[in-house]
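Examination of the molecular architecture
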Protein chains: 2
Amino acid sequence: MGDVSFTEDELAETLRKILGGDHPGVRLGPGDDAALVDPSRHLTVLTVDMLVEGVDFERATATPRDVGYKAIAVNVSDVAAMGGSPRFALSAAGFPETTETGWIIELFAGMREAADEYAMAVVGGDLSRADRVVLSVTVTGEVPDGGAVMRTGARPGDRIVVTGALGAAAGGLRLLRAPAQSVAHVIGTPWARELVAAQSRPAARLGEGRTLARHGARAMIDVSDGLTLDLARLCRAGGVGAAITLGVVPVADTVRLLGEVMPVEPLALALEGGEDFELLAALPPDAVEGATKDLHERFGTPLTDIGEFREGSGLVAVGSAGSERPLEPKGWDHFGS
Amino acid sequence: MGDVSFTEDELAETLRKILGGDHPGVRLGPGDDAALVDPSRHLTVLTVDMLVEGVDFERATATPRDVGYKAIAVNVSDVAAMGGSPRFALSAAGFPETTETGWIIELFAGMREAADEYAMAVVGGDLSRADRVVLSVTVTGEVPDGGAVMRTGARPGDRIVVTGALGAAAGGLRLLRAPAQSVAHVIGTPWARELVAAQSRPAARLGEGRTLARHGARAMIDVSDGLTLDLARLCRAGGVGAAITLGVVPVADTVRLLGEVMPVEPLALALEGGEDFELLAALPPDAVEGATKDLHERFGTPLTDIGEFREGSGLVAVGSAGSERPLEPKGWDHFGS
């Protein structure tokens, strides 16, 4: 490594100590050819996400602990969007030769921190060399048979609901990427710190996902790439269209404050920003009130009814006077131009 | 992409078609937030391996189909080394912007080919951008409770056995990396093709792993990084030492032929070359004969008794006259100098 010469085995052993400790269901943790865990009586949920330096994070602005934390959280969010519960994680990580051992250790400490927060265990991994840091995390989870909420089930007439507020993660990214001098006067304020935290430490809506599933959500997705893009995915998967009322889209207060000091359009960040990891779901109209009350009481999380699924395809935006216009899905696309 | 402009969703949909089709146990394949699979009644085996361009393969010498195939096979080998059976795979892949879509499709076709060979399904994945191609594959599997073979169980007196023959994968790599002119006269020969195939299309010893487990293997590992390095891992995990008789180490015939045309030492490749994905196990002495016969009859795979585990630590090499000398574990280390 950059500072100390470690063999792969020695580094792996150090990282195992960070990840280690007894955890229910883990028969054999990191350090063998594979991990062994107890099977679930429910269906198994499997998901994977890769974070790449220079694409998904910058080492100049993200701490390794945040990167590790986020790598777990974004996968937990995918499990949440199925209405499931996470159980175990595996990590595969590649590092440039110049990476300091301390940086790697902090990355794994961040994974451990998030795993603890979601009552999971990191049970195995792989270490490799790479030009830039790359971290691929797989999460397994479980969901009762018949209880999973896929992307496909939205029906015309279903309400479009979204948890929490949107735009903060994208706002945090704008703040992190702004020239230091231009944001020096706000960077220490509570709302600016909140914006940065929304970007670097996203919260997976785990309990909210299970609750929405119990309230009869017919389709669900986490808002990872942008509200309009992820809504378009629900529409395509369900063979339906959608109309959202722009005036009621929950824009994070912090993004409105950011809009006062930087040239950003708060509503655009909320619609297209991505990485908020809020849950977007299709609920039968008569389930909205109960779900809203339940989410508020259990988690203090708002649920906002932002529109309805319709016959047809594509998105429309409903303006303040009830006028409608087509809404082009925009957001984060790894392969877009 | 390099040739055609694809969105991430469009590319993902194309790849899903390659991976698709009904598969027992898959409730929901690629395309949602996560995959859903039936749980096992046995213990769950979890493993992950990352292949990085420029480190684990070169695009100049490896076809994308081979890279995809190998990414699955190396994980299946880890499951085999536990005595388990693979069931499902997830892939996370990053590609440079210049990567041709056809290359990506071939990579996934290779994963599909290997998955079919091992009766598995690729149930999900993630696509990302990266500076160089990086492919992280996670495989889940199962093993009966009490039937898993870990790295820890070797006892003094146990025999050291290894499946197949060693050195061919490393020999194939030497051949691929040699200046074309220097190997032009051999590159089309059957043995040279066999060497290259050993490197680019490794076979996971799946049935052999289960059979060795049934015959009472007390410790097992796949030879991914080199015989001596992986043997040292079994020793460290078991708190034992090991003595191997150099004269009986099964060196692949193809490597001996390579030694006649290139300056390579066949025994050194067998001891330190890595990537053969043969299984190295600790067997009680009275189990060796039955296991050998069984492996031969079922799979046509040789099993060679190359030495014994001993009290103490470290490796010794036993020479032809019975003389012993310390043997330094050498092999592939991603973080070594």
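Residues numbered from 1 in each chain as written. Chains lettered and ligands numbered in written order. Predicted model: local features only at pLDDT ≥ 70, side-chain atom pairs only at ≥ 80, totals over all residues. Heavy atoms only, no water.

Observations concerning the overall build of chain A
- Helix and strand counts for chain A stand at eleven helices and 13 strands.
- For chain A, whose C-alpha radius of gyration is 21 Å, the value lies close to the compact-globule estimate of 20 Å for 337 residues.
- Seen along its three principal axes, the alpha-carbon backbone of chain A occupies a region of about 65 × 55 × 35 Å.
- Here chain A, with 337 residues, has 58% of them falling under the buried criterion.
- A separation threshold of at least 6 residues defines the contact pool for chain A, and within that pool the share at least 24 residues apart is 85%.
- Of the roughly 13000 Å² that chain A leaves accessible, carbon and sulfur atoms contribute 50%.
- Averaged over its 30 positive side-chain charges, chain A has a centre that lies 3 Å from the centre of its 48 negative ones. (Helix = DSSP H or I, 4+ residues; strand = E, 2+ residues; numbered from the N terminus. Rg over C-alpha atoms; globule rule 2.2 N^0.38 Å. Buried < 20%, exposed > 50% of the residue type's maximum accessible area, 1.4 Å probe, protein only. Contact = heavy atoms within 4.5 Å. Areas by Shrake-Rupley, 256 points an atom, 1.4 Å probe, with all protein chains shown as cover. Lys, Arg positive; Asp, Glu negative; His and termini not counted. Charge placed at Lys NZ, Arg CZ, Asp CG, Glu CD.)

Considerations on helix α7 (residues 206-214) of chain A
Residue and element names in this part refer to chain A.
- The buried count for α7 comes to seven of nine residues, which makes it a mostly enclosed element.
- All of the buried residues in α7 are L206, G207, E208, G209, T211, L212 and A213.
- Immediately downstream of α7, the backbone of G216 shows phi near 90°, a positive value.

Remarks on the relation of the copies chain A and chain B
- Between chain A and chain B, the superposition needs a rotation of 180° and an axial shift of 0.0 Å, giving an RMSD of 0.0 Å. What we have between these two chains is a two-fold relation.
- Taken as a fraction of all interface residues of chain A, those also at the interface in chain B reach 100%, which identifies the copy contact as same-surface. (Least-squares fit on C-alpha atoms with pLDDT ≥ 70 in both.)

Quick notes on the sheet that holds strand β6 (residues 134-143) of chain B
- If you trace the six strands from one edge of the open sheet to the other, you get β1(A)-β2(A)-β3(B)-β6(B)-β4(B)-β5(B), paired in mixed fashion. The open sheet has two edge strands, β1 (26-28) of chain A together with β5 (121-129) of chain B, and neither has a second partner. Direction aside, neighbouring strands of the sheet carry axes that sit 20° apart on average.
- As judged from the nine bridges shared by strand β4 (residues 85-95) of chain B and β6 of chain B, these two strands associate in the antiparallel manner. Within the sheet, the bridge partner assigned to S85 of chain B lies in β6 of chain B and is E142 of chain B.
- Strand contacts of helix α2 (residues 64-80) of chain B: β3 (43-52), β4, β5 and β6 of chain B, with the helix running at about 145° to β3 of chain B, the strand carrying the most contacts. (Pairing = 2+ DSSP bridges. Axes fitted to C-alpha atoms, helices over the stretch in contact; angles between N-to-C directions.)

A look at unusual backbone geometry
Residues and elements named next belong to chain A.
- Positive phi is not limited to glycine here, since F277 has a value of about 55°.
- For F277, the position within the fold is in the loop between α10 (266-272) and β10 (279-283).
- Residue class for F277 comes out buried when judged on its relative accessible area of 4%.

Quick word on the packing of aromatic side chains
All names here are of chain B.
- Following the criterion strictly, the structure yields zero aromatic pairs over all chains and no others.
- For the cation-ring pair, R59 lies above W103, with the distance from its terminal atom to the ring centre recorded as 5.3 Å.
- Positioned above the aromatic ring of Y69, the side-chain terminus of R201 is 4.4 Å from the ring centre. (Phe/Tyr/Trp six-rings, centres within 6.5 Å; stacked < 30°, edge-to-face > 60°. Lys NZ or Arg CZ within 6 Å of the ring centre and 35° of its normal.)

Some remarks on the confidence of the model for chain A
- Averaged over all residues, the pLDDT of chain A equals 94, while 98% of them reach at least 70.
- This complex was scored by the predictor with a pTM of 0.94 and an ipTM of 0.93. (pLDDT = per-residue confidence, 0-100.)

Concerning the sheet that holds strand β9 (residues 241-245) of chain B
All names here are of chain B.
- The strand order across the open sheet built from seven strands is β8-β10-β7-β11-β9-β12-β13, with neighbouring strands paired in mixed fashion. For this open sheet the edge positions go to β8 (219-222) and β13 (324-327), each flanked by a neighbour on one side alone. In this sheet, neighbouring strand axes are inclined to one another by 30° on average, regardless of whether the strands run parallel or antiparallel.
- Pairing of strand β7 (residues 159-163) with strand β11 (residues 303-310), which is carried by five bridges, proceeds in the antiparallel orientation. Among the inter-strand pairings, V161 is bridged to a residue of β11, identified as D305.
- The sheet contacts of helix α8 (residues 227-238) involve β7, β8, β9, β10 (279-283), β11, β12 (314-318) and β13, and relative to β8 the element is tilted by about 150°.

Re the interface of chain A and chain B
- Facing 67 residues of chain A, the contacting portion of chain B comprises 67 residues.
- Across the pair D9 of chain A and R233 of chain B runs a salt bridge whose closest N-O atoms are separated by 3.0 Å.
- Counting the contacts that link chain A with chain B gives 23 residue pairs in polar contact (both at pLDDT 80 or more).
- Considering every element that reaches the side of chain A that touches chain B, the biggest residue donor is strand β3 (residues 43-52) of chain A, with nine residues.
- Partitioned by chemical class, the residues of the side of chain A that touches chain B number 33 nonpolar, 14 polar and 20 charged. (Salt bridge = Lys/Arg side-chain N within 4 Å of Asp/Glu carboxyl O. Polar contact = N/O pair within 3.5 Å; in protein donor to acceptor, adjacent residues only side chain to side chain. Nonpolar A, V, L, I, M, F, W, Y, C, P; charged D, E, K, R; others polar.)

Thoughts on helix α3 (residues 101-117) of chain A
All names here are of chain A.
- With 17 residues, α3 should cover 24 Å at 1.5 Å per step; its first-to-last C-alpha distance of 24 Å lies within 8% of that length.
- Taken together, the buried positions of α3 are T101, W103, I104, L107, F108, A109, G110, M111, A114 and A115.
- Where α3 is buried, its residues contact α1 (8-19), α2 (64-80), β4 (85-95), β5 (121-129) and β6 (134-143).
- Directly after α3, the chain includes A119, whose backbone phi takes a positive value near 55°. (Expected span 1.5 Å × (residues − 1).)

With respect to the side chain of E53 of chain A
Residues and elements named next belong to chain A.
- Looking at the secondary structure, you find E53 in the loop between β3 and α2.
- You can call E53 buried: its relative accessible area is 13%.
- Side-chain polar atoms of E53 contact the backbone nitrogen of V133, separated by 2.8 Å.
- Residues in contact with E53, not counting those within four places in the same chain, are R59, R132 and V133.

Quick look at the packing of helix α4 (residues 168-177) of chain A against helix α6 (residues 190-200) of chain A
Residues and elements named next belong to chain A.
- Here α4 crosses α6 at 105°, and the two axes come no closer than 7 Å. As far as their axial angle goes, α6 and α4 are roughly perpendicular. Along its contact with α4, which presents A168, A169, A170, G171, G172, L173, L175 and L176, the element α6 presents A192, L195, V196, A198 and Q199.
- Across the contact of α4 with α6, the residue classes break down as ten nonpolar, three polar and no charged. (Parallel < 35°, antiparallel > 145°, perpendicular 65-115°, else oblique.)

Concerning the pattern of salt bridges
- In this structure the tally under the stated criterion is 52 salt bridges over all chains.
- With a shortest N-O distance of 2.9 Å, E106 of chain A and R65 of chain A are connected by a salt bridge. Remark: R65 of chain A occurs in helix α2 and E106 of chain A occurs in helix α3; sequence separation between them is 41 residues.
- Accessibility expressed as a relative area gives 29% for R65 of chain A, which makes it partly exposed.
- Notably, a salt bridge pairs D294 of chain A with R298 of chain A, separated by 2.8 Å at the nearest N-O pair. Placement of the pair is D294 of chain A and R298 of chain A together in helix α11 (residues 288-299), with a separation of four residues, close to one helical turn.
- Among the charged side chains, a salt-bridge network with shared partners connects D9 of chain A together with D225, D230, R233 and R236 of chain B.

Quick look at the side chain of D32 of chain A
- Looking at the secondary structure, you find D32 of chain A in the loop between β1 and β2 (35-37).
- D32 of chain A sits in the buried class, given a relative accessible area of 12%.
- Among the polar contacts listed, one links the side chain of D32 of chain A to the backbone nitrogen of R151 of chain B, at a separation of 2.7 Å.
- Apart from residues no more than four positions distant in its own chain, D32 of chain A is found in contact with M82, M150 and R151 of chain B.

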